[in-house]
Amino acid sequence: MLPSRYPIAVSRVLLDHMLWDIGQAFDALFGNLKDLRDDDWTWVPPGGARSIRAIVGHIASCKVMYDNYAFGDASMTWMDPRFYDAQSPPPDDGFSPERLVDWLRQSDLALRRSVDALEDDDELKKERRVTWGGTRSTRWIITRLVHHDGFHAGEINHIRALHQRNDRWEWEQSP
């Protein structure tokens, strides 16, 4: 056994894997934005209530909020005007897909930086604040955010496919 004056090696194997997962989920989400036409962003399916624009804004907002609660001072609220500062699109005016995508990228990057700043895998067990009150383990929070990107990536792709009228399997014939 080494004397205590020598630092104990720390492991970041799980943290690094979770960062990789965050990146993979974001890449899948981002990949579903590349085939969008301008009119796809605001189209709402018959019987639906949300556009791709609304979903992307929701994803970016969640990244900002979870980052603020789990790794920051938990000072934000869902109606916080900081969501609508120079980096983020206003709720109703001045919308552009480029501006919204930039906000999504920035919110994802900030979250990844917070996770990457964690010292070692033991941090994944640490309880952290969540937006609705209470705490969850860091690992639980990160996993939920990965799943959140994946869920909405599929939702975005489906809305796009419905609007572009190409919601079929690749091997199926066009109508």
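Details of the structure are given in the entry above.
Below is a short write-up of the structure.

Reading guide: rules and limits
Residues numbered from 1 in each chain as written. Predicted model: local features only at pLDDT ≥ 70, side-chain atom pairs only at ≥ 80, totals over all residues. Heavy atoms only, no water. Core = buried A, V, L, I, M, F, W, Y, C linked by side-chain atoms within 4.5 Å. Buried < 20%, exposed > 50% of the residue type's maximum accessible area, 1.4 Å probe, protein only. Helix = DSSP H or I, 4+ residues; strand = E, 2+ residues; numbered from the N terminus. Contact = heavy atoms within 4.5 Å. Lys, Arg positive; Asp, Glu negative; His and termini not counted. Salt bridge = Lys/Arg side-chain N within 4 Å of Asp/Glu carboxyl O. Polar contact = N/O pair within 3.5 Å; in protein donor to acceptor, adjacent residues only side chain to side chain.

**Quick look at the nonpolar core**
At step 1: Ranked by internal contacts, the top residues of the largest apolar core, which has 21 residues, are Leu 29, Leu 33, Trp 41, Ile 52, Val 56, Leu 104 and Ile 156.
At step 2: Mapped onto this core, the elements with two or more residues apiece are α1 (13-31), α2 (52-71), α3 (97-116) and α4 (138-164).
At step 3: Ranked by residue count, the leading element in this core is α2, at 8 residues.
At step 4: For Ile 52, the contacting residues outside a window of four places in its chain are Leu 36, Asp 40, Trp 41, Trp 43, Ile 156, Ile 159 and Arg 160.
At step 5: By size, the runner-up hydrophobic cluster in this structure holds 10 residues, among which are Leu 15, Ile 22, Val 115 and Leu 118.

**Thoughts on the side chain of Asp 121**
At step 1: Tracing the backbone through its elements, the reader meets Asp 121 in the loop between α3 and β1 (127-129).
At step 2: Although Asp 121 is buried, it forms no salt bridge, and the closest oppositely charged side chain is Arg 12 at an N-O distance of 6.5 Å.
At step 3: Separated by 3.1 Å, the side chain of Asp 121 and the backbone nitrogen of Leu 14 make a polar contact.
At step 4: The residues contacting Asp 121, other than those within four sequence positions of it, are Ser 11, Arg 12, Val 13, Leu 14 and Leu 15.

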